[in-house]
Amino acid sequence: MQNNIVIQAPAQATRRSTREWQQADAAHFLHPFTDTAALAKKGARIITKAENIYLWDSEGHKILDGMSGLWCVNTGYSQPSLIEAANRQMKELPYYNAFFQTSTIPAIELAELLAQVTPPQFKHVFYGTSGSESNDTVVRLVRHYWALQGQPERQVIIARKNGYHGSTMAGASLSGMAYMHAQGGLPIPNITHIQQPFWYELGGDMSPDEFGKVAAGWLEERILEVGPEKVAAFIGEPIQGAGGVIIPPKTYWPEIQRICDKYGILLVSDEVICGFGRTGNWFGCETMGSKPDLMTFAKGVTAGYVPLGGVMVSDRVADVLIEKGGEFEHGYTYSGHPVACAVAVANIKLMQQQKLVEHVRDDVGPYLAQQFETLRDHPLVGEAVSCGLMGAIQLVKDKATRQFFPSSLEVGMVCRGHCFGNGLVMRAVGDRMVIAPPLIITRAQIDEMMTLIRRCLDLTLADVKAKGWL
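Residues numbered from 1 in each chain as written. Predicted model: local features only at pLDDT ≥ 70, side-chain atom pairs only at ≥ 80, totals over all residues. Heavy atoms only, no water.

## Considerations on the overall build of the protein
What counts, and what does not: A run of DSSP states H or I qualifies as a helix once it reaches four residues; a run of E qualifies as a strand once it reaches two. Both are numbered from the N-terminal end. Contacts: residue pairs with any heavy atoms within 4.5 Å of one another.
Broken down by element type, the protein carries 17 helices and 15 strands. Along the first, second and third principal axes, the C-alpha atoms of the protein reach 75 × 65 × 45 Å. Pairs at least 24 residues apart make up 71% of the contacts formed inside the protein by residues separated by at least 6 positions.

Written out as structure tokens, the structure is:
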């Protein structure tokens, strides 16, 4: 048997035209959250290269990535230390599992490091490979915890409408997206949803602070409706990401914490997007003022270079699991994958060395907020808000009355089309345009991004007027 055989890619693979790649993509690749027939007709944009905060496609167009990939490339593209960590670990130990009473050095090193950078109540981690898996793990963990506490009837998990917690069966059930629930018989039993804390749409004549307490009160109403003795946990993102960067009023999360404490239910902070510096602290719960019992993470932990996710487990929960639980019948083939963990260690150390959390909190986060404030004079912009390096622009028909465009017009998609055509990735969530650029972004690059954003807003306004929608 021969070892170390090197198989080279066919020469024609590097010589295909963009159209040929698009045809192969349409023939074989089913994309997530995509109308496959529509994409096949249009043809996918083929991304071939990335560096710093920029992408290049197969036609040579340079694109400013205002979304950090998919909320994940926090430390930017082509970081040598992350690439070297993966390469080094692949050569030494590319894989081993954590099932057979074994562990690996990268998994242990990362666990120690996570215990250092997360809030003080967290000293244990359970690994997966994604945010969806992490939130599936939460469902298992919280119900197992209450069973061990002699309260197996505590099964119900309360989440929020328009919140996003993944797209697996449990993750999609926790997610409050009606369009996801319409496919596959979701949500699964014992998951219920309350309204989101979206002041601009739902606040009416209330001040944001008044609305924050009212919105948090919806949790207490649902707890009493279900029965406190049946409620296991409440889960929420500190800031709703995929739901449109919905930043709750500052009164919201402290009141949520008070309600969870009052009824003794577990509080779960989904930090898949907000974690690892995005909000100007290591974790969004620190920015928003809550003290969760469980904290899910993914994305930014490796900057998206390698898939990795997990759940930080507080002492309150971990002590019960360890002392009373025996064997926890749950896990994944890739829990604690050594390559992923090695990259995560390198990524967190890079963030510490470059002081990226401080960079967001003290420099580029406040600067982005100042620049976003200038967008409020645009005729289409109802609100422009940000926290750290997350931002949202609400496109509206009438600013004075906060009147939205009819959803059937898809004004947000019109704007997104102009963004793609002008070298900017900015996501459309309905008619809410959102950004989350890499944490390494500079003030000069924010200026560049803002110029592109305003250009695309102007082009969208011209389209809307030409179509008679305004």
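## What about the layout of surface pockets?
Short version of the rule: A cavity here means a set of points on a 1 Å grid, drawn over the protein atoms and nothing else, where a 1.4 Å probe fits but cannot get out; a pocket is an open set with protein on both sides within 12 Å along at least five of seven lines, and a residue lines either one if it has an atom within 4 Å of a point. Grid points are joined across faces, edges and corners, and a volume is the space filled by probe spheres set on the points. Residue type decides the class: Asp, Glu, Lys and Arg count as charged, Ala, Val, Leu, Ile, Met, Phe, Trp, Tyr, Cys and Pro as nonpolar, and the leftover types, Gly among them, as polar.
The volume enclosed by the second largest pocket comes to roughly 920 Å³. In terms of lining, the second largest pocket is formed by 29 residues, of which the most central are Ala98, Val125, Phe126, Phe328 and His330. Counting only elements with at least two residues in the lining of the second largest pocket, the list comes to α5 (105-117), β4 (122-128) and α13 (315-324). Classifying every residue of the lining of the second largest pocket gives 16 nonpolar, 10 polar and 3 charged.

## A few points about the environment of Ile105
Within the secondary structure, Ile105 is located in helix α5. Along the backbone, Ile105 and Cys341 are 236 residues apart, and their C-alpha atoms lie at a distance of 9.0 Å.

## Looking at empty space enclosed by the protein
Scanning the entire structure with this criterion turns up 1 cavity of 30 Å³ or more. The computed volume of the largest cavity comes to approximately 50 Å³. Lining the largest cavity are Asp25, Ala26, Phe29, His31, Thr34, Thr36, Leu39 and Ala40. Every element with two or more residues in the lining of the largest cavity is listed here: α1 (18-28) and α2 (36-42).

## As for the pairing of strand β15 (residues 432-435)
Applied cut-off: Burial status follows relative accessibility: with a 1.4 Å probe on protein chains alone, a residue under 20% of its type maximum counts as buried, one over 50% as exposed, and anything between as partly exposed. Here a strand pair is declared whenever DSSP counts at least two bridges between the two strands.
Taking every second residue as pointing to the same face, both faces of β15 are buried, with Arg432 and Val434 on one and Met433 and Ile435 on the other. As judged from the 4 bridges shared by strand β12 (residues 390-395) and β15, these two strands associate in the antiparallel manner. Along β15, the bridge assignment pairs Ile393 with Met433. Taken together, strand β14 (residues 427-429) and the strand that follows it, β15, pair antiparallel across an intervening segment of 2 residues, in which Gly430 is found at a positive phi of about 60°.

## A closer look at unusual backbone geometry
With an omega dihedral of 0°, the bond running from Leu186 to Pro187 counts as a cis peptide bond. Phi angles above zero are rare outside glycine, and Asn52 is one such case at about 60°. Checked against the element boundaries, Asn52 lands in the loop between β1 (47-51) and β2 (54-57). With relative accessibility at 29%, the residue Asn52 sits in the partly exposed group. At Ala303, a position not held by glycine, the phi torsion is positive, near 60°. Assignment of secondary structure puts Ala303 in the loop between β9 (294-297) and β10 (309-314). Taking the relative accessible area as the measure of exposure, Ala303 reaches 0% and is therefore buried.

## What to know about the sheet that holds strand β6 (residues 191-194)
Heads up, the condition is: With axes taken as lines fitted to C-alpha atoms, and helix axes fitted only over the stretch in contact, angles between N-to-C directions fall between 0 and 180 degrees.
Spatially, β4-β10-β9-β8-β7-β5-β6 is the arrangement adopted by the 7 strands of the open sheet, whose pairing is mixed. Two strands in the sheet have a free side with no partner beyond their single neighbour: β4 and β6. Each strand axis lies, on average, 25° off the axis of its neighbour in the sheet, ignoring direction. Pairing of strand β8 (residues 266-270) with β9 involves 3 bridges; the strand directions are parallel.

## Digging into the packing of helix α6 (residues 131-148) against α13
If you want to describe how two helices pack, look at the angle between their axes and the distance between the axes. Our working definition: What makes a crossing left-handed is the near helix being turned counterclockwise from the far one by less than a right angle; a clockwise turn instead makes it right-handed.
Viewed as axis vectors pointing N to C, α6 and α13 meet at an angle of 65°, and their least axial separation amounts to 10 Å. The handedness of the crossing between α6 and α13 comes out as left-handed. Contacts from Leu141, His144, Tyr145, Trp146 and Leu148 of α6 reach α13 at Arg316, Val317, Val320, Leu321 and Lys324. Among the residues forming the contact of α6 with α13, the class breakdown is 7 nonpolar, 1 polar and 2 charged.

## Quick notes on a nonpolar patch on the surface
As a reminder of what qualifies: The patches described consist of residues with a relative accessible area above 30% and no salt bridge, like charges being joined within 9 Å and nonpolar side chains (Val, Leu, Ile, Met, Phe, Trp, Tyr) within 5 Å. Areas reported as accessible are Shrake-Rupley estimates using a 1.4 Å probe. Residue values count occlusion only from the protein chains shown. Salt bridge criterion: a side-chain nitrogen from Lys or Arg within 4 Å of a carboxyl oxygen from Asp or Glu.
Taken together, the side chains of Leu93, Tyr95, Tyr96, Phe99, Phe100 and Tyr334 present a nonpolar region at the surface, about 610 Å² in accessible area. Here Phe99 shows up in the loop between α4 (80-92) and α5.

## Thoughts on the packing of α4 against helix α14 (residues 338-354)
Cut-off, in case you're wondering: For this classification, under 35 degrees means roughly parallel, over 145 means roughly antiparallel, 65 to 115 means roughly perpendicular, and everything else is oblique.
α14 packs onto α4 with a crossing angle of 150° between their chain directions and a minimal axis gap of 8 Å. Judged by the angle between their axes, α4 and α14 are roughly antiparallel. Every pair of crossing elements has a handedness; the one defined by α4 and α14 is right-handed. When α4 is examined against α14, the residues Ser81, Leu82, Ala85, Ala86, Gln89 and Met90 are found in contact with a partner set consisting of Pro338, Val339, Ala342, Val343, Ala346, Asn347 and Leu350. Counted by class, the contact of α4 with α14 contains 10 nonpolar, 3 polar and no charged residues.

## Points about the packing of aromatic side chains
We count it as follows: Here a pair means two rings of Phe, Tyr or Trp (six-membered ring of Trp) with centres within 6.5 Å. Their orientation is stacked below 30 degrees between planes, edge-to-face above 60, and tilted elsewhere. Here, over-ring charges are defined by two tests on the NZ atom of lysine or the CZ atom of arginine: distance to the ring centre within 6 Å, and angle to the ring normal within 35 degrees.
In this structure the tally under the stated criterion is 12 aromatic pairs. Here the aromatic rings of Phe33 and Tyr164 are separated by 6.5 Å at their centres, their planes lie at 65°, and the arrangement is edge-to-face. On the criterion of sequence distance, the pair formed by Phe33 in the loop between α1 and α2 and Tyr164 in the loop between β5 (156-160) and α7 (169-174) is long-range, its members being 131 residues apart. A ring pair is formed by Phe276 and Trp282, whose centres lie 6.4 Å apart and whose planes are at 85°; its orientation type is edge-to-face. Aromatic ring contacts, followed pair by pair, group Phe276, Trp282, Phe283 and Phe297 into a single cluster. Its end group placed over the ring of Tyr200, Arg402 keeps NZ or CZ at 5.5 Å from the ring centre.

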